[in-house]
2 protein chains.
Amino acid sequence: MSYQSESLIAQTREVREASGVSQRALSERAGLTQSHISQIESGKMEPGLSSFIDMTRALDLELMLVPKRLVPAVLSLVKAQAAPDMHIHAGQPNDKRFARAERLVKKMKHLYGSSADLDRIEETLRFLRRVSLGDQEMQLVRELIARLERYQASDQAAPIAREIAQNLQRLRNSIAHRAISEPRPAYSLDGDDDA
Amino acid sequence: MSYQSESLIAQTREVREASGVSQRALSERAGLTQSHISQIESGKMEPGLSSFIDMTRALDLELMLVPKRLVPAVLSLVKAQAAPDMHIHAGQPNDKRFARAERLVKKMKHLYGSSADLDRIEETLRFLRRVSLGDQEMQLVRELIARLERYQASDQAAPIAREIAQNLQRLRNSIAHRAISEPRPAYSLDGDDDA
DNA sequence: TATCCTGATGCGTTATTTTGTATCGATGAA
DNA sequence: TTCATCGATACAAAATAACGCATCAGGATA
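Residues numbered from 1 in each chain as written. Chains lettered and ligands numbered in written order. Predicted model: local features only at pLDDT ≥ 70, side-chain atom pairs only at ≥ 80, totals over all residues. Heavy atoms only, no water.

As annotated in an unreviewed UniProt entry, chain A carries the name HTH cro/C1-type domain-containing protein and is attributed to Mesorhizobium mediterraneum.

> When you look at the protein's contact with DNA strand C in this model, what are you seeing that I'm missing?
Residues in contact with DNA strand C amount to 21 residues; listed here are only the nearest, Arg16, Gln23 and Lys44 of chain A together with Met45 and Arg103 of chain B. Taking the atoms of DNA strand C that fall within 4 Å of the protein, sugar and phosphate contribute 70% of them. A distance of 3.3 Å separates a phosphate oxygen of DNA strand C from a polar atom in the side chain of Ser22 of chain A. In this structure, a phosphate oxygen belonging to DNA strand C sits 2.9 Å away from a main-chain N or O atom of Gly48 of chain B. Here the surface near DNA strand C takes 3 residues from helix α3 (residues 34-41) of chain A, the largest share from any one element. Looking at the surface near DNA strand C residue by residue, the class counts come to 3 nonpolar, 11 polar and 7 charged. (Near = heavy atom within 4 Å. Polar contact = N/O pair within 3.5 Å; in protein donor to acceptor, adjacent residues only side chain to side chain. Helix = DSSP H or I, 4+ residues; strand = E, 2+ residues; numbered from the N terminus. Nonpolar A, V, L, I, M, F, W, Y, C, P; charged D, E, K, R; others polar.)

> Teacher, can you tell me more about the pairing of strand β1 (residues 61-67) of chain A here?
Moving residue by residue along a regular strand, the side chains alternate between the two faces of the sheet. A large share of β1 of chain A lies buried, amounting to 7 of its 7 residues. Judged by which residues are buried, β1 of chain A turns out to be covered on both faces: Leu61, Leu63, Leu65 and Pro67 of chain A on one side and Glu62, Met64 and Val66 of chain A on the other are all buried. When β1 of chain A meets strand β1 (residues 61-67) of chain B, the two strands line up antiparallel, connected through 7 bridges. Across the sheet, residue Met64 of chain A finds its bridge partner in β1 of chain B, namely Met64 of chain B. (Buried < 20%, exposed > 50% of the residue type's maximum accessible area, 1.4 Å probe, protein only. Pairing = 2+ DSSP bridges.)

> What should I look at first to understand the environment of Gly31 of chain A in this one?
Relative to the elements of secondary structure, Gly31 of chain A occurs in the loop between α2 (23-30) and α3. Note: C-alpha distance between Gly31 of chain A and Ser51 of chain A (20 residues apart in sequence) is 8.7 Å.

> In this structure, what is going on with the protein's contact with DNA strand D? I would like to understand it.
Near DNA strand D, the surroundings consist of 22 residues, among which His36, Ser51 and Arg103 of chain A together with Arg16 and Lys44 of chain B are the closest. The side chain of His36 of chain A places a nitrogen or oxygen atom 2.6 Å from a phosphate oxygen of DNA strand D. Gly48 of chain A has a polar backbone atom sitting 3.0 Å from a phosphate oxygen of DNA strand D. The dominant element in the surface near DNA strand D, judged by the number of residues it contributes, is helix α3 (residues 34-41) of chain B, at 3 residues.

> What's the story with the side chain of Glu41 of chain B in this structure? I'm lost.
All names here are of chain B. Mapped onto the fold, Glu41 is located in helix α3. A distance of 3.4 Å separates polar atoms of two side chains, one belonging to Glu41 and the other to Arg13. Among all residues touching Glu41, those that are not within four sequence positions of it are Ile9, Arg13, Arg16 and Gln23. (Contact = heavy atoms within 4.5 Å.)

> Explain the relation of the copies chain A and chain B to me, please; I cannot follow it from the model alone.
Here the second copy of the chain follows from the first by a rotation about an axis and a shift along it. Between chain A and chain B, which share one sequence, the superposing operator has a rotation angle of 177 degrees and an axial displacement of 0.2 Å; the RMSD is 0.5 Å. Considering both components of the superposition, the chain copies are consistent with a two-fold axis. A high fraction, 100%, of the interface residues of chain A reappear at the interface in chain B, so the copies pair face to face through one surface. (Least-squares fit on C-alpha atoms with pLDDT ≥ 70 in both.)

> I would appreciate a short explanation of the interface of chain A and chain B in the present structure.
Many authors give the size of an interface as the accessible area that is lost as the parts come together. Taken together, the 39 residues of chain A in the interface contact 39 residues of chain B. Summing both partners gives a buried area of about 3800 Å² for chain A against chain B, and 68% of it is carried by carbon and sulfur. Here chain A is connected to chain B by 0 salt bridges. Linking chain A with chain B are 7 residue pairs in polar contact (both at pLDDT 80 or more), by the criterion used here. Counting residues per element, the ones that place at least two in the side of chain A that touches chain B are α1 (6-18), α4 (49-58), β1 and α5 (71-82) of chain A. (Buried area = accessible area lost by both parts, 1.4 Å probe. Salt bridge = Lys/Arg side-chain N within 4 Å of Asp/Glu carboxyl O.)

> Whenever I open this one, helix α4 (residues 49-58) of chain B confuses me. Can you help?
Every α-helical turn comprises 3.6 residues, leaving residues that sit three or four positions apart pointing alike. Most of α4 of chain B is tucked away, with 8 of its 10 residues classed as buried. Of the residues one or two after α4 of chain B, Asp60 of chain B is the one with positive phi, at around 60 degrees.

> Mind showing me how you'd approach the pattern of salt bridges here?
In a structure, side chains of opposite charge can pair up when their charged atoms sit close to one another. Evaluated as defined, the whole model comprises 10 salt bridges over all chains. Its salt-bridge partner being Glu17 of chain B, residue Arg13 of chain B comes within 3.3 Å of it at the nearest N-O pair. Linking Arg13 of chain B with Glu17 of chain B, this pair stays in helix α1 (residues 6-18), spanning 4 residues, or about one helical turn. Given the relative accessible area of 29%, Arg13 of chain B is considered partly exposed. In this structure, Glu41 of chain B and Arg16 of chain B form a salt bridge, with 2.7 Å as the shortest nitrogen-oxygen distance. With Glu41 of chain B in helix α3 and Arg16 of chain B in helix α1, this pair connects stretches of sequence that are 25 residues apart. With a relative accessible area of 9%, Glu41 of chain B lands in the buried category. Taking relative accessible area as the criterion, Arg16 of chain B reaches 6% and is therefore assigned buried. A network of salt bridges, in which partner residues are shared, links Arg13, Arg16, Glu17 and Glu41 of chain A.

> Looking at this model, I keep getting lost on the confidence of the model for chain A. Mind explaining?
Should the pLDDT be low somewhere, the predicted coordinates at that spot are not to be read in detail. Residues and elements named next belong to chain A. In this model, chain A carries an average pLDDT of 72, and 65% of its residues clear a pLDDT of 70 or more. For chain A, helix α6 (residues 93-112) is the element with the lowest average pLDDT, namely 67, and β1 is the one with the highest, namely 93. Note that pLDDT drops below 50 for residues 84-92; the model gives that stretch 23 contacts with residues more than four away or on any other chain. Counted against residues more than four places away or in other chains, residues 179-195, with its pLDDT under 50, gives 20 contacts. (pLDDT = per-residue confidence, 0-100.)

> Mind showing me how you'd approach the packing of α1 of chain A against α4 of chain A here?
Any two packed helices are characterised by how steeply their axes cross, that is the angle between the axes, and by the distance between the axes. Residues and elements named next belong to chain A. Here α1 crosses α4 at 30 degrees, and the two axes come no closer than 10 Å. In this structure, the crossing between α1 and α4 has a hand that is left-handed. Of the residues in α4, those touching α1 at Leu8, Ile9 and Thr12 are Phe52, Met55 and Thr56. Among the residues making up the contact of α1 with α4, the classes are represented as 4 nonpolar, 2 polar and no charged. (Axes fitted to C-alpha atoms, helices over the stretch in contact; angles between N-to-C directions. Left-handed = near helix turned anticlockwise from the far one by under 90°.)

Right under this line is the structure:
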């Protein structure tokens with residue numbers, strides 16, 4: 001007895017993970033317990049409506065009621081508009097790579113102080129992390145990160161960072177462009193199949 | 001401890017009433033009890049997420065998760081597109097008047113048999129009932145209905161019905177036109193005011 | 001290595017929902 | 001009037017959500 005809410009709950013989990021919010025952090029913001037959230041997310045318990053609303057609000061989401069007929073329209077609106085900022089997908093093996101990369105940047109900022117380039121890298125990583133990347137694209141990201149890691153302590157760190165920032169930015173732009181023109185392959189959002 | 005779900009629940013109630021579905025009918029469709037639904041709608045009880053989903057599905061509604069930033073867009077989409085068909089508002093004193101009018105038409109159809117004019121009147125009434133009418137507009141509707149009631153048994157019933165159908169149609173058209181061009185005054189949908 | 005944080009899990013208790021059944025007053029229809 | 005249906009309400013019983021706290025293993029960090 002659940003499965004109707006599966007999709008909704010899965011979405012909140014994806015958003016939570018994509019935003020880098022832990023269950024404990026969310027539990028404080030939402031006023032629930034961590035164990036509670038864990039059980040909800042893992043499907044061992046069905047939340048009350050108000051509990052669920054608390055969760056979604058804490059994630060900057062709104063629960064909205066939409067006439068069935070308009071669901072596709074709303075869905076495409078959310079997908080299209082949210083693409084350059086959201087585009088949820090998590091639990092991928094790539095996630096670790098991104099997390100590692102972001103830590104690396106943070107570390108460098110701590111060492112050298114913030115720079116426009118590091119900021120750009122950080123922001124672009126955050127974007128790329130949420131987008132579904134093709135294999136080649138992911139390969140490129142991997143190489144760039146590897147280079148950044150290699151030169152992190154070198155005295156060429158600054159120019160290298162600039163170059164990497166530019167490359168990442170270029171990748172981001174190409175993806176953002178693709179996002180509004182092409183139809184998009186397959187998604188994790190929606191998941192709407194009625195009985 | 002509720003108030004977050006107030007708006008959502010209120011919407012389901014409005015949709016239910018606007019669709020002319022009784023709590024009992026809904027309870028069967030949704031697999032819940034009538035007493036349960038009554039308590040939910042009157043705010044005496046907070047439904048579980050799955051119960052609420054059952055209710056909404058039975059009303060041809062979908063619960064969707066929308067990034068806060070996109071709420072206005074989705075809202076306008078729902079409002080605009082749903083206008084000529086939904087535009088929920090209920091519990092108004094006008095409702096009784098409309099219900100009475102629709103019964104009158106049904107009665108006349110039963111007496112004289114269905115006619116294109118009566119059908120048009122019926123359909124137009126159903127539309128007008130869901131739209132928020134200005135005072136003058138409601139006044140016009142009242143007069144037309146009164147005239148229909150007065151001549152329901154007369155031998156002029158047929159031509160009168162035709163005239164009334166035309167007048168109602170005209171009103172409907174003007175409202176439908178207004179609906180897509182002007183911004184709309186004040187609505188019951190949305191009701192989104194965060195704490 | 002030791003430390004910290006993540007999410008998952010267990011358990012006892014309380015609070016609340018949900019069901020089921022039954023009734024009520026109001027309202028409209030025959 | 002009589003009859004049906006509407007929504008609201010009552011009450012007991014069963015189910016379950018929610019809390020609180022404590023613990024666990026995994027992974028990353030230092």
